There are 2 protein chains.
Amino acid sequence: MTYQEKLQSIRRLMKSENVSAYIIPSSDPHISEYLPDRFKCIEFASGFTGSAGTLVITEVEAGLWTDGRYFVQATEQLEGTGYELMPLKAQGVPEYVEWLSGKLLKDSSVAFDGRLVSVNLAEMIENRLRPAGVKILPDRDYLNEIWKDRPILPSNPAYLIDESVTGEGIKQKLEKLRQLLRDVHADYHLISSLDDIAWLFNIRGSDVKCNPVVLAFALISHDHATIFIDPAKVSNENKGELLNHNVMIKEYHEIDAAISTVKNGTIFIDPKRTCFRLFKLINPVINVVQGVNPTTNLKAIKNPVEIENTRKTMIKDGVALTRFFKWLDENNGQTDLYEISVAEKLLDFRAEQEGFVGESFDTIAAYSDHGALPHYKASLSSNAKLNPNGLFLLDSGGQYIGGTTDITRVVSLGNATMDEKTDYTLVLKGMIDGVTARYPKGTRGYQIDAITRKPLWDNSRNYGHGTGHGVGFFLNVHEGPQVFNSANITVEIEPGMITSIEPGIYRIGKYGIRIENLVLSVKDESNEFGEFYAFETLTLAYIDTSLIIRSLLDQKQVDWLNNYNQLVVERLGKHLDNEELKWLIKKAQPI
Amino acid sequence: MTYQEKLQSIRRLMKSENVSAYIIPSSDPHISEYLPDRFKCIEFASGFTGSAGTLVITEVEAGLWTDGRYFVQATEQLEGTGYELMPLKAQGVPEYVEWLSGKLLKDSSVAFDGRLVSVNLAEMIENRLRPAGVKILPDRDYLNEIWKDRPILPSNPAYLIDESVTGEGIKQKLEKLRQLLRDVHADYHLISSLDDIAWLFNIRGSDVKCNPVVLAFALISHDHATIFIDPAKVSNENKGELLNHNVMIKEYHEIDAAISTVKNGTIFIDPKRTCFRLFKLINPVINVVQGVNPTTNLKAIKNPVEIENTRKTMIKDGVALTRFFKWLDENNGQTDLYEISVAEKLLDFRAEQEGFVGESFDTIAAYSDHGALPHYKASLSSNAKLNPNGLFLLDSGGQYIGGTTDITRVVSLGNATMDEKTDYTLVLKGMIDGVTARYPKGTRGYQIDAITRKPLWDNSRNYGHGTGHGVGFFLNVHEGPQVFNSANITVEIEPGMITSIEPGIYRIGKYGIRIENLVLSVKDESNEFGEFYAFETLTLAYIDTSLIIRSLLDQKQVDWLNNYNQLVVERLGKHLDNEELKWLIKKAQPI
């Protein structure tokens with residue numbers, strides 16, 4: 001079936017029910033960012049493989065709304081599919097709703113699969129279209145009717161991880177959560193988001209690529225908790241351990257019955273992380289309290305054990321990266337290297353490390369002009385051969401039992417131009433200003449974002465993505481609630497949060513530069529002006545100095561860089577062999 | 001009548017109607033920041049003279065909610081009045097509503113004077129208290145019943161100003177406004193905010209201290225406009241001129257009848273700048289569209305004539321300041337100088353300038369530890385004598401026919417300490433980083449705020465107020481919509497906006513430092529990364545270099561400072577006599 005044929009089939013189904021528009025979001029019943037294959041609906045319908053987007057189909061039009069990261073890729077992938085690229089002005093804003101409201105006639109209907117739409121989004125669509133007299137049909141899964149070989153739900157094993165790893169047992173976490181629920185007078189709490197469930201029950205799995213989560217829902221009351229998960233995934237030993245904390249296991253699909261049978265009291269849900277379908281199953285007599293899942297905020301503040309484990313994990317990741325860059329250095333120009341093969345080589349080096357579980361996201365190994373696509377992933381057709389000149393951008397990360405990593409480095413493969421060096425140095429300035437920021441209690445991500453961008457703005461340069469995202473502990477590499485970008489998000493930065501700082505400069509058709517470290521928020525000085533926080537850099541991998549124009553850095557930035565590269569040598573040294581250490585020491589020479 | 005007696009009287013009136021709480025905001029029927037004497041209700045009731053606050057009176061408690069700027073002052077002024085200081089955590093947030101909701105019983109009522117409460121605030125109070133079963137009585141002016149000699153409304157003359165001053169005639173402004181009203185399908189527009197009315201009709205007056213506005217309402221339809229104003233204030237010539245543009249004059253109080261008699265169509269109001277009482281007069285069949293007054297956004301973008309006039313005004317203001325600081329320099333230690341007398345001297349120098357109308361706010365002439373109170377105003381009892389040592393902070397501004405000024409300088413009167421110099425230099429660094437910022441289209445105030453604060457944060461210092469505020473053109477010295485502070489306000493900075501940049505450091509009991517310039521947003525480079533904007537510094541008065549620790553500034557900051565002081569000499573030079581110029585050249589020596 002071609003994409004055109006699929007589109008025709010969808011339109012036939014729409015027509016049979018008199019539906020004027022059908023919406024297909026990039027989501028799953030847990031409102032995830034990374035999706036199990038069963039919910040890769042946009043890829044099935046249109047061939048577009050980006051991690052964010054929405055398809056909207058009307059009788060005569062069909063569009064993909066996605067953001068700047070994917071304009072080039074979407075243009076290519078949508079060719080001949082019947083879908084048109086509709087560029088989003090702002091990332092994450094459902095601009096198609098506005099578009100739809102201008103197209104639909106009174107008494108028409110819009111359909112979507114309520115499993116793939118958050119409560120927030122569904123209500124927003126409803127509120128926007130209702131005044132125009134448009135009806136919502138929130139329970140139509142037209143794809144399912146044409147998706148013959150649709151993948152089933154993954155059945156990978158789940159496993160509990162030890163308190164020595166997580167720093168906090170299930171009992172304590174449940175106690176904290178229940179206290180927060182009591183504070184808002186909630187008797188029940190439905191959790192749909194997979195990372196919240198993984199954190200709360202110290203459970204991990206591999207149901208979603210790159211995210212060590214398991215497909216599950218959880219329903220928590222003040223004396224019981226139930227995880228709705230394929231029971232075959234959980235060992236009897238783990239089941240026993242969970243039961244010790246009054247945590248029961250039920251079938252994944254039983255969440256429907258469980259939600260429907262709550263007949264009184266107050267239930268707490270996160271409207272951004274709960275699908276509309278489950279929400280509609282809540283008995284109307286039940287009082288619903290909406291807010292950010294309390295676990296999202298608890299999870300964001302890493303405890304001392306998580307922090308210490310993350311520090312150890314950074315050494316492992318740094319060793320793997322050092323070995324990789326040494327290998328690249330020695331093979332650059334000597335053997336045939338391709339984007340895909342070097343990414344595989346990096347994976348090999350990481351896999352040698354104890355506790356390594358897998359990649360935390362698809363490696364971006366981008367040579368030359370591919371670096372200008374911030375979310376580039378080499379395909380067989382794009383797979384470039386590395387030559388001994390130009391820039392190589394590597395954005396990658398690992399999932400380890402002891403933590404999640406995410407790092408970007410750019411290295412020169414030879415003959416760097418002045419433009420490349422200038423841009424590299426400016427990005428480095430921004431990165432250093434970000435990671436060395438001191439900031440008062442109460443500071444929000446947008447303030448750190450501005451400080452990081454300043455050296456780029458000063459030189460009339462900028463980047464079209466955020467400066468940083470929260471990172472989980474052996475969990476999702478994108479984790480809220482904090483984010484460092486220019487949006488007016490009021491989440492305050494708190495000690496214990498781990499966030500990336502990753503400014504960049506992208507020259508379409510030429511090269512891309514991004515330098516990324518993970519930082520931990522820590523307490524700093526307190527005085528008459530209040531409490532100040534700072535960042536501790538966690539990531540440990542040398543920063544290439546051959547691309548630096550020293551005169552563009554101020555002395556504090558030079559000092560930071562030299563100290564950092566020295567620290568990398570010190571921390572990694574004893575885990576490297578002599579040759580590796582010698583090579584790293586040379587690379588880490590002070591400038 | 002003592003404040004205690006007034007409080008008792010209010011409570012008697014409350015009791016007679018079974019009212020459990022009475023709210024007295026700092027406002028007037030135009031939701032102004034600066035108030036005509038008739039509406040200085042808080043001062044009348046409690047003696048507190050700060051520019052922001054709310055009194056809330058219950059049967060047994062009475063409190064003043066105000067922000068950090070006024071904690072010291074309020075503590076002193078409320079002594080023995082029966083009112084307790086309730087420190088606000090965040091400026092401008094009605095935290096007393098939360099407090100009240102915890103105190104009031106079901107079926108009790110809360111009263112206030114609906115003329116002094118915006119639509120927004122009234123609805124917020126109502127929405128918060130309704131679920132608790134508390135009723136609102138929005139039309140109680142208890143103060144009026146006990147305020148025997150309450151001032152009448154001011155009757156100062158109003159006058160039209162010429163298009164050669166404003167750059168745009170009434171006709172064009174009305175056309176622009178009407179187009180924006182058409183865009184939102186509004187047939188009528190009620191304007192209550194005095195600066196919006198002054199801007200739209202090119203009318204000025206002196207009904208409010210420091211703000212050249214006239215007490216008026218305006219009702220605009222697509223073919224007519226009416227200003228509701230005491231007709232005696234407007235000359236016949238001006239009335240004729242207004243009539244030429246189909247603008248009629250009616251009595252101030254006739255706005256009530258005019259609003260009530262609109263019987264169909266859609267009316268646009270700004271819920272933050274319209275009082276609840278007028279809003280309630282709108283016929284319920286009328287469709288109300290709410291939004292920021294379109295004139296607020298139009299007014300914020302200064303046109304080329306306003307900008308050129310402001311530049312000329314800055315020369316006048318700079319000449320006055322240069323003469324003042326020369327006079328201070330020569331008299332420091334020679335004659336008895338007091339905070340009040342030097343402020344008067346400054347006023348004399350400004351008054352010599354052509355087009356000067358008055359102060360744009362109460363001068364803050366703060367010697368030594370008084371400088372640590374950001375909103376200090378010398379009173380007869382606090383009026384400090386200046387000694388030839390320590391710091392002198394001067395924050396002042398003028399209203400001129402050709403623009404509004406606002407400038408803060410700190411000078412050393414002798415024997416500055418290292419601490420003073422360090423803090424001064426850090427504040428200067430922040431100010432320079434702010435005014436030299438380059439920023440992409442779309443940047444918001446919170447980003448400029450962060451950039452300005454960074455040098456202070458880097459050194460564990462901070463200030464408890466915003467970095468800057470919009471400034472009117474021969475209008476209010478505080479003008480929206482843009483503001484440079486850390487709040488998540490999404491107003492974008494646009495070319496043509498005039499804003500202050502004024503970081504500070506305050507050492508309670510010791511000294512205060514603040515350095516403030518006004519800047520104009522201008523277009524800068526456009527390239528593949530987008531459109532960039534920058535600031536042009538408008539303020540022209542030398543910055544004292546004797547307090548600078550040069551090694552704390554980087555070379556770019558030193559260059560900016562030297563260029564700026566040089567520019568001040570160049571621009572002011574030909575307006576100064578020989579002695580003055582000689583003195584200024586010495587002060588402006590490069591460091």
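Residues numbered from 1 in each chain as written. Chains lettered and ligands numbered in written order. Predicted model: local features only at pLDDT ≥ 70, side-chain atom pairs only at ≥ 80, totals over all residues. Heavy atoms only, no water.

Chemist: How do you make sense of the nonpolar core when you look at a structure like this?
Modeler: The nonpolar side chains of soluble globular proteins are, as a tendency, buried together. In this structure, Phe324, Leu328 and Phe392 of chain A together with Phe324, Leu328, Phe392 and Leu428 of chain B are the most contacted members of the largest nonpolar core, which totals 170 residues. Beyond its immediate chain neighbours, meaning those up to four positions away, leucine 328 of chain B contacts Leu337, Val342, Leu386, Phe392, Val411 and Leu413 of chain B. (Core = buried A, V, L, I, M, F, W, Y, C linked by side-chain atoms within 4.5 Å. Buried < 20%, exposed > 50% of the residue type's maximum accessible area, 1.4 Å probe, protein only. Contact = heavy atoms within 4.5 Å.)

Chemist: Any chance you could explain the sheet that holds strand E13 (residues 266-269) of chain B here in plain terms?
Modeler: Sheet strands pair by backbone hydrogen bonding; their relative direction is either parallel or antiparallel. Residue and element names in this part refer to chain B. The mixed open sheet is built from 6 strands, whose spatial order is E12-E11-E10-E8-E13-E14. Bordering the open sheet on either side are strand E12 (247-250) and strand E14 (287-290), each of which pairs with just one other strand. Direction aside, neighbouring strands of the sheet carry axes that sit 20° apart on average. Direction of pairing for strand E11 (residues 225-228) relative to E12: parallel, over a ladder of 4 bridges. Considered in E12, the bridge of alanine 225 is made with valine 247. (Pairing = 2+ DSSP bridges. Helix = DSSP H or I, 4+ residues; strand = E, 2+ residues; numbered from the N terminus. Axes fitted to C-alpha atoms, helices over the stretch in contact; angles between N-to-C directions.)

Chemist: When you look at the packing of helix H18 (residues 555-573) of chain A against helix H19 (residues 578-587) of chain A in this model, what are you seeing that I'm missing?
Modeler: In helix packing, the relevant descriptors are the interaxial angle and the interaxial distance, both defined with respect to the helix axes. Residue and element names in this part refer to chain A. Between H18 and H19, whose axes approach to 9 Å, the crossing angle comes to 170°. As the angle between them shows, H18 and H19 are arranged roughly antiparallel. Between H18 and H19, the contacting residues are Asn565, Val568, Val569, Leu572 and Gly573 on the first element and Leu581, Leu584, Ile585 and Lys587 on the second. Of the residues that constitute the contact of H18 with H19, the class distribution is 6 nonpolar, 2 polar and 1 charged. (Parallel < 35°, antiparallel > 145°, perpendicular 65-115°, else oblique. Nonpolar A, V, L, I, M, F, W, Y, C, P; charged D, E, K, R; others polar.)

Chemist: Could you clarify how one ought to interpret the relation of the copies chain A and chain B in this entry?
Modeler: When chain A is fitted onto chain B, the two copies agree to an RMSD of 0.0 Å after a turn of 180° and an axial shift of 0.0 Å. Viewed as a symmetry operation, the transformation between the two copies matches a two-fold axis. It is asparagine 488 of chain A whose C-alpha, among those of chain A, lies nearest the rotation axis, at 2.5 Å. A symmetric contact is evident, with 100% of the interface residues of chain A recurring at the interface of chain B. (Least-squares fit on C-alpha atoms with pLDDT ≥ 70 in both.)

Chemist: Please clarify how the pairing of strand E1 (residues 19-25) of chain B should be interpreted in this entry.
Modeler: All names here are of chain B. Most of E1 sits out of view: 6 of its 7 residues are buried. Examined bridge by bridge, E1 and strand E5 (residues 109-112) share 4 bridges and lie parallel to one another. Bridge pairing in E5 links isoleucine 23 to phenylalanine 112. Across 5 bridges, E1 lies against strand E2 (residues 54-58) in antiparallel orientation. Each bridged residue has a counterpart across the sheet, and for proline 25 the counterpart in E2 is threonine 54.

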